[in-house]
Amino acid sequence: MAADPTFLTAPPRFVFFTGKGGVGKTSIACASALRLARAGKKVLLVSTDPASNVGQVFGLSIGNTITEVPAVPGLSALEIDPEQAAAAYRERIVGPVRGLLPDAEIASITEQLSGSCTTEVASFDEFTSLLTDPDDQVAGFDHVLFDTAPTGHTIRLLQLPGNWTEFLDHGKGDASCLGPLAGLDKQKAMYAGAVEALSDPERTRLVLVARANRAALAEIARTHSELAAIGMTGQHVVVNGVLPAPAEDTDPLATAVYQREQAALAGRGAAIAALPTDLVELKPVNMVGLDALSTLFDTTTTTAMTTGTDPGLAAVADAPLADLVDAIEPTGPDW
Ligand SMILES: Nc1ncnc2c1ncn2[C@@H]1O[C@H](COP(=O)(O)OP(=O)(O)OP(=O)(O)O)[C@@H](O)[C@H]1O
Ligand SMILES: [Mg+2]
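Residues numbered from 1 in each chain as written. Chains lettered and ligands numbered in written order. Predicted model: local features only at pLDDT ≥ 70, side-chain atom pairs only at ≥ 80, totals over all residues. Heavy atoms only, no water.

1. Side note on the site of ligand 1
Okay, so step 1: Neighbouring residues of ligand 1: 23 residues in total, closest Lys25, Thr26, Ser27, Lys283 and Met287.
Okay, so step 2: Taking Ser27, its side chain carries an N or O atom lying 2.6 Å from an oxygen atom of ligand 1.
Okay, so step 3: Between Arg211 and ligand 1, the recorded distance is 3.4 Å, taken from a side-chain N or O atom to an oxygen atom.
Okay, so step 4: Contributing elements (two or more residues each) for the shell around ligand 1: helix H1 (25–38) and strand E7 (235–242).
Okay, so step 5: Looking at the shell around ligand 1 element by element, the count peaks at three residues for H1. (Near = heavy atom within 4 Å. Polar contact = N/O pair within 3.5 Å; in protein donor to acceptor, adjacent residues only side chain to side chain. Helix = DSSP H or I, 4+ residues; strand = E, 2+ residues; numbered from the N terminus.)

Pasting the structure below:
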């Protein structure tokens, strides 16, 4: 097995994987969960993506309850499903008063709690309860890994604990989608606890996943500063799907792609270049199933996994590049 990538070295309890659509967040999160579980850790992999495909990657159905991955001792997964979370949230509010209030009133409260705001708050409640663990739901796990939706959604999710804490403190805005504001103090404490956990690098690491192209690198640069601004300072970069250095003069197309990627990497902004960085190579297969995931952090060259501020841009000969490119499936990585 290859050495641990930097972002998996002494990982804190919570690790978030974020980045532009299709860069490999789910693949990196699943491969990380697998690696930690195989190292003897108890790991919970949580998807906060409404369009989660974590179940598909492991070949099982997960959903909104913590589900053990049978083939991997120590690994469990959970998909936060926004609609199911919203239904449960509504039931927590409406259930206790059903039969006590007139039907018309129940219908009106239910209606008020059926919009997109409630859906968002409900998923977010589930997410914050994982961070603060009021019911000891995740106490038995050494690590909780979050595979997230593409950047915008995730930034919003991570900013919400702070926004809601402020909102509840100052009573600004329209809270009708929250339902009756009972138990507010408990919620306040939970959101404040979540803010604390997110901004503590001893507890939370943010892994910014990109591909070696300008758009994906620019996106993680923005995310880096937006999330540093709310105190998430424990940040790492993973550049995924990097083409290994081609053997000289074998394949002009591969050489051109390689050079373009290396130029994009070299031109990444200073803020990103200063973060601990790992490169993960492009693989000939899609990252579905345990065999593929087990190989994701393997390298064909000696430079593909590099730590520190210089992600190993030196060319290394003898990479079996032609085989690699030939083997890539037509339906392969989408970017
Ligand atoms: N290093 C790699 N080599 C080859 N294929 C890869 C690599 N990393 C990811 N892939 C493939 O690229 C595709 C996109 O990866 P993945 O689903 O992990 O991205 P994502 O960032 O989670 O996407 P989304 O934003 O849609 O959730 C998948 O088909 C995956 O198998
Ligand atoms: Mg994904």
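Picking up where we left off.
2. Side note on the nonpolar core
Okay, so step 1: Of all hydrophobic cores here, the largest spans 80 residues; its most connected members are Phe16 and Leu45.
Okay, so step 2: In terms of residues, this core owes the most to one element, H1, which gives eight residues.
Okay, so step 3: Apart from the residues lying within four places of it in its own chain, the contact partners of Phe16 are Phe127, Leu131, Phe146, Thr148, Leu158, Leu198, Thr204, Arg205, Leu206, Val207 and Met232. (Core = buried A, V, L, I, M, F, W, Y, C linked by side-chain atoms within 4.5 Å. Buried < 20%, exposed > 50% of the residue type's maximum accessible area, 1.4 Å probe, protein only. Contact = heavy atoms within 4.5 Å.)

3. Describing the sheet that holds strand E3 (residues 67–68)
Okay, so step 1: A sheet is described by the order of its strands in space; here eight strands give the open sequence E3-E4-E2-E5-E1-E6-E7-E8, paired in mixed fashion. Only two strands of the sheet have a single partner each, and these edge strands are E3 and strand E8 (277–281).
Okay, so step 2: Examined bridge by bridge, E3 and strand E4 (residues 75–79) share two bridges and lie antiparallel to one another. Considered in E4, the bridge of Glu68 is made with Ser76. (Pairing = 2+ DSSP bridges.)

4. Considering the side chain of Thr119
Okay, so step 1: As for its position among the elements, Thr119 is in helix H5 (residues 116–132).
Okay, so step 2: Among the polar contacts listed, one links the side chain of Thr119 to the backbone oxygen of Gly115, at a separation of 3.1 Å.
Okay, so step 3: Once residues within four sequence positions are removed from consideration, Thr119 is found in contact with Pro82, Glu83 and Ala86.

5. Comments concerning helix H9 (residues 252–266)
Okay, so step 1: Between its first and last C-alpha atoms H9 spans 21 Å; for 15 residues at 1.5 Å apiece the expected length is 21 Å, and the two agree.
Okay, so step 2: Along H9, the residues that are buried comprise Ala254, Tyr258, Glu261, Gln262, Ala264 and Leu265. All buried residues of H9 fall inside an arc of 160 degrees around its axis, so they share one side. Seen from the open side of H9, the exposed residues pointing more than 90 degrees away from its buried face are Pro252, Leu253, Gln259, Arg260 and Ala266.
Okay, so step 3: Two to three positions downstream of the cap, the backbone nitrogen of Leu253 sits 3.1 Å from a side-chain oxygen, assigning the N-cap of H9 to Asp251. (Expected span 1.5 Å × (residues − 1). Arc of directions from axis to C-beta.)

6. Quick word on the packing of helix H3 (residues 82–94) against H5
Okay, so step 1: Remark: H3 packs on H5, axes separated minimally by 8 Å, with the N-to-C direction vectors making an angle of 90 degrees. Here H5 runs roughly perpendicular to H3, going by the angle between their axes. Of H5, the residues touching H3 (which contributes Pro82, Glu83, Ala85, Ala86, Tyr89 and Arg92) are Thr118, Thr119, Val121, Ala122, Ser123, Asp125 and Glu126.
Okay, so step 2: Of the residues contributing to the contact of H3 with H5, the split by class is six nonpolar, three polar and four charged. (Axes fitted to C-alpha atoms, helices over the stretch in contact; angles between N-to-C directions. Parallel < 35°, antiparallel > 145°, perpendicular 65-115°, else oblique. Nonpolar A, V, L, I, M, F, W, Y, C, P; charged D, E, K, R; others polar.)

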